[in-house]
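This is what each chain is made of:
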Amino acid sequence: MTPTTARVFQIFKELNQIPRPSHHEERVADYLCQFAERLHLPYKRDAENCIVISKPATPDHEQAEPIVLLNHMDMVCVGMSDPLHAPIDAYVEDGWMKARGTSLGADNGIGLSMALAVLESDEIVHGPMEVITTTNEEDGMSGASQLSKDFLKGRKVINLDSEDYDTITTGAAGACLQFHRIPVERKPAMGGSCYRIRFEGGLGGHSGVDINKGRCSAVVAAFKVLSAMREACDFDIASINIGEANASIASSAEIIICVSSGEEIIHQQDTAMNLWLRERFADSDPGMRCTISPCEPQETVICPEAFRALMTCLQQIPQGVVKMSNTMKDTVETSNNIGRIVTESDCIFVSTHTRSFIDSEMERLSRQIASVFAACGAKSETVMSAPAWQEDQQSAFLQLTSDTFNDVLGWRPRMVAMHFVLEAGFFVEHYPGIQMASIGPRIVEPHSTSERVELSTIEDIWHVLIELLKRLA
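Figured I'd write up the structure that's included with this text.

To continue, consider the overall build of the protein chain. The helix and strand inventory of the protein chain stands at 11 helices and 24 strands. On C-alpha atoms alone, the protein chain measures out to a radius of gyration of 24 Å, which is about the 23 Å that the 2.2 N^0.38 rule sets for 473 residues. Oriented by its inertia axes, the alpha-carbon framework of the protein chain measures out at about 80 × 45 × 40 Å. Look at the contacts in the protein chain between residues 6 or more apart in sequence, and 79% of them connect residues 24 or more apart.

Here we take up the packing of helix α3 (residues 106-120) against helix α11 (residues 455-472). Here α3 crosses α11 at 45 degrees, and the two axes come no closer than 11 Å. Here α11 runs oblique to α3, going by the angle between their axes. The chirality of how α3 crosses α11 is right-handed. Between α3 and α11, the contacting residues are Ile110, Met114, Ala117 and Val118 on the first element and Ile458, Ile461, Trp462, Leu465 and Leu469 on the second.

Right, let's get into the nonpolar core. Counting 59 residues, the largest nonpolar core has Leu69, Met114, Ile158, Leu465 and Leu469 as its most contacted members. Dropping the residues within four chain positions of it, Met114 is found in contact with Val8, Leu160, Ile458, Ile461, Trp462 and Leu465. Counting residues in hydrophobic clusters, the runner-up holds 50 residues, among them Cys216, Ala218, Met273 and Ile341.

In this structure the tally under the stated criterion is 23 salt bridges. Each member of the salt-bridge network shares a partner with another, and the members are Arg7, Glu14, Arg38 and Glu120.

Here we take up helix α6 (residues 263-281). An ideal rise of 1.5 Å per residue puts 27 Å on 19 residues; α6 measures up with 28 Å between its terminal C-alpha atoms. Approximately 30 degrees is the largest bend angle found in α6, and it occurs at Gln269. When we look at burial in α6, the residues that qualify are Ile265, Ile266, Gln269, Asp270, Met273, Asn274, Trp276, Leu277 and Phe281. The secondary structure elements touched by the buried residues of α6 are β11 (193-200), α5 (218-232), β13 (253-261) and β14 (289-294).

Among the structural elements, Thr169 can be located in strand β8 (residues 167-172). By relative accessible area, Thr169 is classed as buried at 0%. Spatially, the C-alpha atom of Thr169 lies 9.3 Å from that of Gly440, the residues being 271 residues apart in sequence. When near neighbours in sequence (up to four residues on either side) are disregarded, Thr169 contacts Ser162, Trp389, Val416, Met418, Phe420, Leu422, Ala437 and Ser438.

By the bridge criterion, four bridges tie strand β4 (residues 90-93) to strand β5 (residues 96-99) in an arrangement that is antiparallel. Note that in β5 the partner of Val92 across the bridge is Met97. Here β4 hands over to β5 after two residues, with Asp94 in that stretch at a positive phi of 55 degrees.

A separate point is the packing of aromatic side chains. Considering all chains together, one arrives at seven aromatic pairs under this definition. Consider the rings of Tyr31 and Phe35, whose centres lie 6.2 Å apart with planes at 50 degrees: the pair is tilted. Of the two residues, Tyr31 and Phe35 both sit in helix α2 (residues 26-38), four residues apart, roughly one turn of that helix. Accessibility assignment for this pair places Tyr31 and Phe35 in one class, buried. Look at Phe405 and Trp411: their rings are 5.7 Å apart centre to centre, the planes differ by 50 degrees, and that puts the pair in the tilted class. The positively charged end of Arg100 is found above the aromatic ring belonging to Tyr91, 4.2 Å away from the centroid. Taking the ring centre of Trp96 as reference, the NZ or CZ of Arg452 above it sits at 5.7 Å.

Rules and cut-offs
Residues numbered from 1 in each chain as written. Predicted model: local features only at pLDDT ≥ 70, side-chain atom pairs only at ≥ 80, totals over all residues. Heavy atoms only, no water. Helix = DSSP H or I, 4+ residues; strand = E, 2+ residues; numbered from the N terminus. Rg over C-alpha atoms; globule rule 2.2 N^0.38 Å. Contact = heavy atoms within 4.5 Å. Axes fitted to C-alpha atoms, helices over the stretch in contact; angles between N-to-C directions. Parallel < 35°, antiparallel > 145°, perpendicular 65-115°, else oblique. Left-handed = near helix turned anticlockwise from the far one by under 90°. Core = buried A, V, L, I, M, F, W, Y, C linked by side-chain atoms within 4.5 Å. Buried < 20%, exposed > 50% of the residue type's maximum accessible area, 1.4 Å probe, protein only. Salt bridge = Lys/Arg side-chain N within 4 Å of Asp/Glu carboxyl O. Expected span 1.5 Å × (residues − 1). Bend = angle between axes of the 7 residues up to and from the residue. Pairing = 2+ DSSP bridges. Phe/Tyr/Trp six-rings, centres within 6.5 Å; stacked < 30°, edge-to-face > 60°. Lys NZ or Arg CZ within 6 Å of the ring centre and 35° of its normal.

Here's what the structure looks like:
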């Protein structure tokens, strides 16, 4: 590990002392401003807490074209009991950095740490530079979507928000995040026994990158067990809490039911569900399991109409891969994921994340999903709609990036479009003529408690980055 990459890890450690879930980035934005002030570098902060820090070119490179380093400051907080206050406990094992019981924040904290280390270094050769860090990338992209037209000057962007070490990401799917609310009235529980249904141990994962890996969504598992019980006994729902984040495949669920008849059926369901889980997900998600146990009495339950509406919506909405691409081998073209289902005081909240490389298909599927909810009396809102993005893989900028990988590491990266959403589409809309190459270290299982980053790939990407900056200068 070089002294400079050691500084990358130190900055990442500092970032992980600052809780940074989406919509709550004020403290990390303060940190970035203080970082710039310490280095006496000019910066701007907008109303969404996006930050751009400018750094002059190294001597004799003032006439070079400005270069932008792009990252986002928020992270998906999974497994955190108090994501607004608790720091991340990271550790190194067998060449990987991991976190104890939570997501790590390598997405996108490692890339941001690299960008800040470049700002701090006096040894790296580069042209005029802007380091921009956006907010709420993981849950709506409101930061990127609201950027002003004059917030950024550069038109060549190195995006360090990539998880595939051996690739240059040259395109990303568009995405539509929708929130749906099924109206709920509560009524007194009518007695009988209450049970807690739990699903836990699932791998979860990124609802774009991991959507075609055969993971068991806790939403799908919960629908199956509730459907089976509806056929055999009478019960009401007291509460539902499924999923950890809107952008993740749900890895856990907790449902409390109050049973008025057919109680003997309940005791058979966890055995039946665990048999189904083993048969269906033995290879792709072996840790998912179901437990059903008696629990404390409940005072109220949701009205049957709301429960029926939820089950109808879950039955009619596609989940997982909708269509594979005909033009990009082994690439998902369109998908939909239900990230969270939560009973609130007056509604059942459901989030859906629809992705596609074809904007019109994303819009069509999003409208279809909203119409299913509307038919059941629910209200839907579009929280984020990000356009798909595709670079010209033959451009001089991308070829230079590929050449730099080859010269520094001895191999050429793949150029691929990925089934996750990046902010690039908004940047292309806001800043005409912009070009973007997305690179990064190997990050596995982002958006989950299994998230980890391979240390050697951080070192490699760092050397590619500083050489690419030198060549662009």
